[in-house]
Amino acid sequence: VVSEMSALAAARRQQLTLDLPERVPVIEADDDRLHQVFANLTGNAVKYTQEGGAITIRARVHTDQIQVAVIDNGPGISVEDQARIFEKFYRTRSSSKIDGTGLGLAIVKSIVEQHGGQVIVQSIPGQGSEFVVSLPVTGD
């Protein structure tokens, strides 16, 4: 996903960074669906982050799960919008000028939950957002 998005980020003069641990554990998953999850989250970060901004995709391994975070220093999301952002067709007021259907994050949530995981958003308006996907580890 990072290599796919790097040209778009470069065109917006954004720094796109991948931060992975030395060893990433095995998870049982549908590759295509997880690709869709991270393409959506990374694409949103590129789309909503200002020109010249920074986006990091960071993975961390915990005892029984892997957490992958897509972090940006874009405009952030209001607390009111954070409560509804994963609903179908929900669009924030600030996103009305940007193309989209309001389905992307609902699909992300559905796919992640189908894999036994969860997705959360942490955001501070004016400072950026962090979407964290937690997935269960199933092997070495």
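The paragraphs below set out a description of the structure included in this document.

**Quick look at the layout of surface pockets**
Thought 1: For the second largest pocket, the calculated volume is near 430 Å³.
Thought 2: What lines the second largest pocket is a set of 18 residues, and nearest its centre among them are Leu18, Leu20, Phe38, Ile57 and Val68.
Thought 3: Elements that contribute at least two residues to the lining of the second largest pocket include exactly α2 (31-48), β2 (54-62) and β3 (65-72).
Thought 4: Per-element tally for the lining of the second largest pocket: the top contributor is α2, with five residues.

**Some words on the pattern of salt bridges**
Thought 1: Enumeration according to the criterion identifies five salt bridges in this entry.
Thought 2: Among the ionic pairs, glutamate 51 bridges to arginine 13, the shortest N-O distance being 3.0 Å. One end of the pair, glutamate 51, is in the loop between α2 and β2; the other, arginine 13, is in the loop between α1 (2-11) and β1 (15-19), with 38 residues separating them in the sequence.
Thought 3: Here arginine 60 makes a salt bridge to aspartate 19, at a shortest N to O gap of 2.7 Å. Of the two residues, arginine 60 is situated in strand β2 and aspartate 19 in strand β1; the sequence distance between them amounts to 41 residues.

**Notes on the packing of aromatic side chains**
Any aromatic ring pair is given by two values, namely how distant the centres are and how the planes are angled relative to each other.
Thought 1: Evaluation of the coordinates by the stated rule reveals one aromatic pair.
Thought 2: A centroid spacing of 6.2 Å and a plane angle of 80° characterise the contact between phenylalanine 86 and phenylalanine 131, whose relative ring orientation is edge-to-face. Of the two residues, phenylalanine 86 is situated in the loop between α3 (79-82) and α4 (104-114) and phenylalanine 131 in strand β5 (residues 128-136); the sequence distance between them amounts to 45 residues.

**Observations regarding the nonpolar core**
Thought 1: In terms of nonpolar packing, the biggest core is built from 28 residues, with Val37, Leu41, Phe131 and Val133 touching the most fellow members.
Thought 2: Breaking this core down by element, the ones donating at least two residues are α1, α2, β2, β3, α4, β4 (118-124) and β5.
Thought 3: With residues up to four places along the chain from it excluded, the contact list for leucine 41 reads Val70, Leu105, Val108, Phe131 and Val133.

**Some thoughts on the side chain of threonine 42**
Thought 1: By the secondary structure assignment, threonine 42 is in helix α2.
Thought 2: Within polar-contact distance, the side chain of threonine 42 engages the backbone oxygen of phenylalanine 38 at 2.8 Å.
Thought 3: Non-local contacts of threonine 42, meaning those with residues more than four positions away in its chain, are made with Val1, Met5, Leu16, Ile57 and Val70.

**A closer look at the sheet that holds β5**
Thought 1: Strand order in the open sheet made by the five strands is β1-β2-β3-β5-β4, with mixed pairing throughout. Each edge of the open sheet carries a strand with a single partner, namely β1 and β4. Each strand axis lies, on average, 15° off the axis of its neighbour in the sheet, ignoring direction.
Thought 2: Inspection of the sheet shows β3 paired to β5 by eight bridges, in the antiparallel sense. Pairing of valine 70 across the sheet is with phenylalanine 131, part of β5.
Thought 3: Strand contacts of α1: β1 and β2, with the helix running at about 160° to β1, the strand carrying the most contacts.

Reading the values: the criteria
- Residues numbered from 1 in each chain as written.
- Predicted model: local features only at pLDDT ≥ 70, side-chain atom pairs only at ≥ 80, totals over all residues.
- Heavy atoms only, no water.
- 1 Å grid on protein atoms, 1.4 Å probe; cavity = no way out; pocket = protein on both sides within 12 Å on 5 of 7 lines; lining within 4 Å.
- Points joined across faces, edges and corners; volume = space filled by probe spheres on them.
- Helix = DSSP H or I, 4+ residues; strand = E, 2+ residues; numbered from the N terminus.
- Salt bridge = Lys/Arg side-chain N within 4 Å of Asp/Glu carboxyl O.
- Phe/Tyr/Trp six-rings, centres within 6.5 Å; stacked < 30°, edge-to-face > 60°.
- Core = buried A, V, L, I, M, F, W, Y, C linked by side-chain atoms within 4.5 Å.
- Buried < 20%, exposed > 50% of the residue type's maximum accessible area, 1.4 Å probe, protein only.
- Contact = heavy atoms within 4.5 Å.
- Polar contact = N/O pair within 3.5 Å; in protein donor to acceptor, adjacent residues only side chain to side chain.
- Pairing = 2+ DSSP bridges.
- Axes fitted to C-alpha atoms, helices over the stretch in contact; angles between N-to-C directions.

So yeah, pure geometry; function would need other evidence.
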